[in-house]
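Secondary and tertiary structure notes
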Amino acid sequence: MSLLWLLLIPAVGGVLTWLVGARHPDWPRWTALLVLAIDLLIALTLIGPAVASGRTAWIASLDLPWIPQLGISFELNLDGLSLVLILLTIVLSLISVVISWTEITDRVGLFHANLLWATTGVIGVFLALDLFLFFFFWELMLVPMYFLIALWGHEHRFYAAIKFVIFTQGSSLLMLVAMLVLVFIHQQATGQFTFDYLALLGTKMSPSIAFWLMLGFFVAFAVKLPVVPFHTWLPDAHTEAPTAGSVLLAGVLLKTGAYGLLRFVVPLFPDAAHAFAPVAMALGVIGILYGALLAFGQNDMKRLVAYSSISHMGFVLLGVFAWNALALQGVVLQMLAHGVSTGALFILVGALQERIHTRDMRLMGGLWGPMPRLSAFGMIFAVASLGLPGLGNFIGEFLILLGSYHASVPFTVIAAIGLVAGAAYSLLLVQRAFHGQASPHPGTPEPIDLTARHLAVMGLLMLAIIGLGLYPQPVFDQVSPGLGVLKGYGAAFASASTQFAEAAR
Amino acid sequence: MTAAAFTAFMPFTLLGAVTIAVMLLIAVRRSHHLIALSTIVGLLLCCIALPLAAPASPTAVTPLFIIDGSVTYYAGLVFGSALVVAILSYAYLDGATQAPREEYYLLLLTATLGAAVLPASVHFAAFFLGLETLSISLIGLIAYASPRERAAEAGIKYLVLGGASSAFLLFGMALIYADLGTLSFARIGVLSHAGSPHDLYRAVGVAMILTGVGFKLSLVPFHMWTPDIYEAAPAPVTAFVAVVSKIAVFAVLLRYFILAEGQADAALRAGLAAIAILSMLGGNLLALLQDNVKRLLAYSSIAHLGYLLVALLAGGALGIEAAAFYLAAYAVTSLGAFGIVAQLSTPESGRDADRLRDYRGLFRTRPFLAASFALMMLSLAGLPPTLGFIGKFYLITSGVGAGLFWPVAALVAGSVIGLYYYLRVLVAMAMPVPAESAVAAPLWFGNAVIAGLLLLLLAFGAYPAPAIALIRMTVGATTW
């Protein structure tokens, strides 16, 4: 039942914050904090060992009838992978509320309602195991996210919001069609019309159909992740969104794409995914380099961080399609570390914009003088982003490269170049914004440094990134059973890729 | 006629009686409130009578009509939608002072009667009579006296084009009669099944019928009239044209398509598929350019009828269910959308509040109506948690199940294009409030109807199982 609460509390909380918003602008903020804190507590109680029994490794599950006529049930299941991603989601939402305290002053109730509903959708995506239910939540998180960008965003917010929705919706409808074809094929084979993930696993079909269906799923997740060439919505959406929106987008929404690849694409179509792996890994490597290159060329600080996300997510794609234990653990850690570090960078950019009213790095420089705390945090997360050992991103990228080395040496070598490029743009950001000569800001008062509220948030995120970097073992312990089961579903893939690795040696 | 037939036909007889009663009442006492109230009560009685009179098994009422589960369902949708339109009209016309308002309800009732018998028709004579009763009443409603600029023009346009389409329909029926010697759907099915597949008379006849029906359903390429009429008609009448007439004509098309299944030959299917694809793409593309909410919704309704054709083409139990569900979803959503336009408009101002800039800042000035309108748009766009999302899912399921590659591809493409203009409306409502606003003050009972529709939209959008159970019980249980 706690899984249902996990969803219901933010959903109902969203309505509540909207209603109290009419009274006083502070009420929705406190309500949202309270709601998310309760949700976090529930999620924390779920931490624990999973009962691995052959095909499953659920920590908790729930199955209620929903649309029995169409073989759809309200089936929620939680394994270690879902749990750590849900924890990340709730923590980042909580942080989003805190850092929006002074940034959002307009329609505060509706803002926090949308924030909570987006969180609901994302949690649902991580929990749903019925294919239709998954699609329902997948679409559900789109609408509040659209509002967050379109109503509280920056200059080109309408363009960015509509682009985001059209990209996501178009690809997800392709996924729906692929889902339905899979369901009908399963019905022809067994006579049972069902959207149940566990029933659909291992459905027999011809390789060419499997390939097209796999592609249908892949496109939806590739847009969300995003994979080059489906990435063009991301820089716009991230740049134009309010800070909280960017944090949620980068920290959480991108992870739903990676989660979808892990949970659905490879387990449902192991052979087709294996055949596709070279292409996918190539796309991942292209994303790493291309994202880094574009990040290097940006003047807008927020766009730089956005392009760096594309680069980081390239590693995730590479790791998923390497599909071995090391790479998968690396993928999970990379997701968490990217959520923390990129979220923190977006918060810092948001704080800077609130203070000096620009995101253009040509107008910055020498900020370390007036804002030492902000600049110091900026440097910490910039070097986290470039993969400095001791911080979380390093572990993730290192494990992914280690895993993908078993699958393909050339791709790994090229991907490793991405680390150098990452160092270049990260250090450039630090150098241009915080070091050097202070550029004059005529007429603007001396900017003030981070306040206690931001300091607390940044301190927490710093602890998280250091913790992930120095002692990631608890995370691995939590996710291993689930990953093991997933790896079992893609057994055909795994054995094939081991052979491949042996041949490479 | 047997007693069972009388009972089964009772709701329709009742509606006829209500119409006459209202007419007499107008002669006795001219009072807007009284007439509107008796219309609403009369329609409510018809809604209640429908499940009570529903026969256990299909009952033939003369060779012209049959009453079965699907009639109960579709006539229920027609009565329910007409009831909503009547209440919205009451709120809308309350502000009008110059024109006589009472006859409006008379036309509304006759149009509803024509629409309600269409799903029960199993004979070309009944089909044509129902359709003409509906169309002729609609001419009056569209041009209903008010200081509107283009009302008369729109009425004439509908008269001429509607007349032409009826002529096509009649000629098509005549050709089929000349060929097969019967007007009954079931007999046509049997005879054309037995006859040669390449029969010129029948092929031309079917094509002409399709033209006439395509006009009534405003499918591309017979859609030209739709935006003009939708824009010029009073908002509640637009709702009626967009919802009630479409449900009725689609229901009869469904019955004809299934009963005269011999007609469902490859050429007809290819033609319908082409019309469906053109409507989905054309409707959505043309809607992109609109700055008028009523015209935008007109083009969107063209696209939605195209979506519905996918279910018709899919056929089978799943297709019929999907069509029934989607029609209900479309009815709730369109009634809500046009109802909100009606709530914001007053007949005295010469035009409805239908320009996109009228909607600027609505989230601040009328938060309830704006939020409702936003949800209606999301439902039309097929996003959760609304009826439209489940409906579109149902349609795609039926299309994929029947292996309709191109129509499903067009449905997906159309949905993606549609997002742009539906979300544009939301953006407009979120903009700052303009200095002067032409928006009227809504009346409470109109808002209550909107709230009811919103409740249906969200409740069955989140938990559609009871609605599907109802469809299985009525439409699904029908043996065609």
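All of these numbers come straight from a predicted model, not from anything done at the bench.

**Details of the overall build of chain A**
Scanning chain A for helices and strands turns up 20 helices and 4 strands. In terms of overall dimensions, chain A is globule-like: its C-alpha atoms have a radius of gyration of 22 Å, near the 23 Å expected for 505 residues. Counting only C-alpha atoms, chain A reaches 75 × 60 × 40 Å along its principal axes. Expressed as a percentage of the 505 residues in chain A, the buried residues total 66%. Long-range contacts, defined here as pairs at least 24 residues apart, represent 81% of the contacts in chain A between residues at least 6 apart. Just so you have it, chain A exposes about 16,600 Å², and 70% of that area is on carbon and sulfur atoms. A distance of 4 Å separates the average location of the 20 positive side-chain charges in chain A from that of its 22 negative side-chain charges.

**Observations regarding the overall build of chain B**
When you go through chain B residue by residue, the secondary structure sums to 19 helices and 2 strands. The C-alpha atoms of chain B give 21 Å as radius of gyration, which agrees with the globular expectation for 480 residues (23 Å, within 12%). Dimensions of chain B, computed from the C-alpha atoms along their principal axes, are close to 70 × 55 × 40 Å. Evaluated residue by residue, chain B yields a buried proportion of 63% over its 480 residues. Summarising the internal contacts of chain B: among those between residues at least 6 apart in sequence, 81% fall at separations of at least 24. A total of about 16,100 Å² of accessible surface is found on chain B, and carbon and sulfur atoms cover 72% of it.

**Concerning the pattern of salt bridges**
This model, assessed by the stated rule, comprises 19 salt bridges over all chains. The salt bridge partner of A:Asp300 is A:Arg359, with a shortest N-O separation of 3.1 Å. Of this pair, A:Asp300 sits in the loop between helix H12 (270–296) and helix H13 (301–322) while A:Arg359 sits in the loop between helix H14 (325–356) and helix H15 (372–385), and the two are 59 residues apart along the sequence. A single burial state applies to A:Asp300 and to A:Arg359, both of which are buried. As a salt-bridge pair, B:Glu153 and B:Lys157 come within 3.6 Å of each other at their nearest N and O atoms. Placement of the pair is B:Glu153 and B:Lys157 together in helix H6 (residues 151–180), with a separation of 4 residues, close to one helical turn. You can call B:Glu153 partly exposed: its relative accessible area is 43%. With relative accessibility at 25%, the residue B:Lys157 sits in the partly exposed group. Within the structure, one salt-bridge network assembled from shared partners comprises B:Glu153, B:Lys157, B:Asp228, B:Glu231 and B:Arg295.

**Some words on helix H1 (residues 2–20) of chain A**
Under the 1.5 Å per step criterion, the end-to-end length of H1(A) is 26 Å for 19 residues, consistent within 8% with the ideal 27 Å. For H1(A), the elements touching its buried residues are helix H2 (26–45), strand E3 (60–67), strand E4 (72–78), helix H3 (80–99), helix H4 (108–127) and helix H5 (131–140) of chain A.

**Regarding the packing of aromatic side chains**
Remark: the centre distance and the inter-plane angle together describe each pair of aromatic rings, the angle taken between the planes. Under the counting rule described, the total for this entry stands at 52 aromatic pairs over all chains. Measuring from ring centre to ring centre gives 4.5 Å for B:Tyr421 and B:Tyr422, while their planes differ by 50°; the resulting arrangement is tilted. Taken together through their ring pairs, the aromatic side chains of A:Trp66, A:Phe74, A:Phe132, A:Phe135, A:Phe136, A:Phe137, A:Phe184, A:Phe193, A:Phe195, B:Phe389 and B:Phe393 make up a single cluster. A cation sits over an aromatic face here: A:Arg107 above A:Trp152, 5.6 Å from the ring centre. When the ring centre of A:Trp138 is taken as origin, the NZ or CZ atom of A:Lys224, which lies over that ring, is 4.4 Å away.

**Things to note about the environment of B:Met431**
All names here are of chain B. Secondary-structure assignment places Met431 in the loop between helix H17 (405–430) and helix H18 (444–462). The partly exposed category is assigned to Met431, whose relative accessible area is 26%. In sequence terms Met431 and Arg364 are 67 residues apart; their C-alpha atoms lie 9.1 Å from each other.

**Re the side chain of A:Asp449**
Here A:Asp449 is to be found in the loop between helix H17 (409–434) and helix H18 (452–470). It turns out A:Asp449 is buried and unbridged, and the closest side chain with the opposite charge, A:Arg373, is 4.1 Å from it.

**Focus on the packing of H13(A) against helix H16 (residues 392–407) of chain A**
In a pair of packed helices, the angle between the axes and the distance between the axes together describe the arrangement. Residues and elements named next belong to chain A. Two elements in contact, H13 and H16, have axes whose closest approach is 9 Å; the angle formed by their N-to-C orientations is 40°. The angle between H13 and H16 places the two elements in the oblique class. Crossing handedness for the pair H13 and H16: left-handed. Contacts between H13 and H16 involve His312, Phe315, Val316, Leu318, Gly319 and Ala322 from the first element and Glu397, Ile400, Leu401, Gly403, Ser404 and Ala407 from the second. Partitioned by chemical class, the residues of the contact of H13 with H16 number 7 nonpolar, 4 polar and 1 charged.

**Let's talk about the side chain of B:Gln290**
Residues and elements named next belong to chain B. Within the fold, Gln290 resides in the loop between helix H11 (266–287) and helix H12 (293–314). Judged by relative accessible area, Gln290 falls into the buried class, the value being 11%. A polar atom in the side chain of Gln290 sits 3.4 Å from the side chain of Arg295. Beyond its immediate stretch of four places on either side in the chain, Gln290 contacts Arg295, Leu296, Tyr299 and Arg424.

**Focus on the confidence of the model for chain A**
On average, residues of chain A score 89 in pLDDT, and 94% of them reach the 70 mark or higher. Contacts of residues 499–505 of chain A to residues separated by more than four positions or lying in other chains number 4 contacts, the stretch itself having pLDDT below 50.

**Some remarks on the interface of chain B and chain A**
Between chain B and chain A, the residue contacts involve 34 residues of the former and 34 residues of the latter. A combined buried area of about 3,000 Å² lies between chain B and chain A, and 84% of that area is made up of carbon and sulfur atoms. Our enumeration of links across chain B and chain A arrives at 1 salt bridge. The closest approach of N and O atoms between B:Arg364 and A:Asp106, which form a salt bridge, is 3.5 Å. Across the chain B-chain A interface, the total number found is 5 residue pairs in polar contact (both at pLDDT 80 or more).

**Re the packing of H14(A) against H15(A)**
All names here are of chain A. Packing of H14 against H15 brings their axes to within 9 Å, and their N-to-C directions diverge by 150°. H14 and H15 meet at a crossing whose hand is left-handed. Of the residues in H15, those in contact with Val340, Ser341, Ala344, Leu345, Leu348, Ala351, Leu352 and Arg355 of H14 are Leu374, Phe377, Gly378, Phe381, Ala382, Ala384 and Ser385. The residue inventory of the contact of H14 with H15, partitioned by class, reads 11 nonpolar, 3 polar and 1 charged.

**Points about unusual backbone geometry**
Along the chain, A:Leu225 connects to A:Pro226 via a cis peptide bond; the corresponding omega equals -10°. Mapped onto the secondary structure, A:Pro226 falls in the loop between helix H9 (207–224) and helix H10 (233–240). The step from B:Val220 to B:Pro221 runs through a cis peptide bond, and the omega angle for that step is 5°. Following the sequence through the fold, B:Pro221 ends up in the loop between helix H8 (200–216) and helix H9 (225–232). The backbone phi angle of A:His357 is positive, close to 60°, even though this residue is not glycine. Here A:His357 lies in the loop between H14 and H15. By relative accessible area, A:His357 is classed as exposed at 61%. You will see that B:Thr62, though not glycine, has its phi angle at about 55°, which is positive. As for its position among the elements, B:Thr62 is in the loop between strand E1 (59–61) and strand E2 (65–67). Given a relative accessible area of 37%, B:Thr62 falls into the partly exposed group.

Analysis parameters
- Residues numbered from 1 in each chain as written.
- Chains lettered and ligands numbered in written order.
- Predicted model: local features only at pLDDT ≥ 70, side-chain atom pairs only at ≥ 80, totals over all residues.
- Heavy atoms only, no water.
- Helix = DSSP H or I, 4+ residues; strand = E, 2+ residues; numbered from the N terminus.
- Rg over C-alpha atoms; globule rule 2.2 N^0.38 Å.
- Buried < 20%, exposed > 50% of the residue type's maximum accessible area, 1.4 Å probe, protein only.
- Contact = heavy atoms within 4.5 Å.
- Areas by Shrake-Rupley, 256 points an atom, 1.4 Å probe, with all protein chains shown as cover.
- Lys, Arg positive; Asp, Glu negative; His and termini not counted.
- Charge placed at Lys NZ, Arg CZ, Asp CG, Glu CD.
- Salt bridge = Lys/Arg side-chain N within 4 Å of Asp/Glu carboxyl O.
- Expected span 1.5 Å × (residues − 1).
- Phe/Tyr/Trp six-rings, centres within 6.5 Å; stacked < 30°, edge-to-face > 60°.
- Lys NZ or Arg CZ within 6 Å of the ring centre and 35° of its normal.
- Axes fitted to C-alpha atoms, helices over the stretch in contact; angles between N-to-C directions.
- Parallel < 35°, antiparallel > 145°, perpendicular 65-115°, else oblique.
- Left-handed = near helix turned anticlockwise from the far one by under 90°.
- Nonpolar A, V, L, I, M, F, W, Y, C, P; charged D, E, K, R; others polar.
- Polar contact = N/O pair within 3.5 Å; in protein donor to acceptor, adjacent residues only side chain to side chain.
- pLDDT = per-residue confidence, 0-100.
- Buried area = accessible area lost by both parts, 1.4 Å probe.

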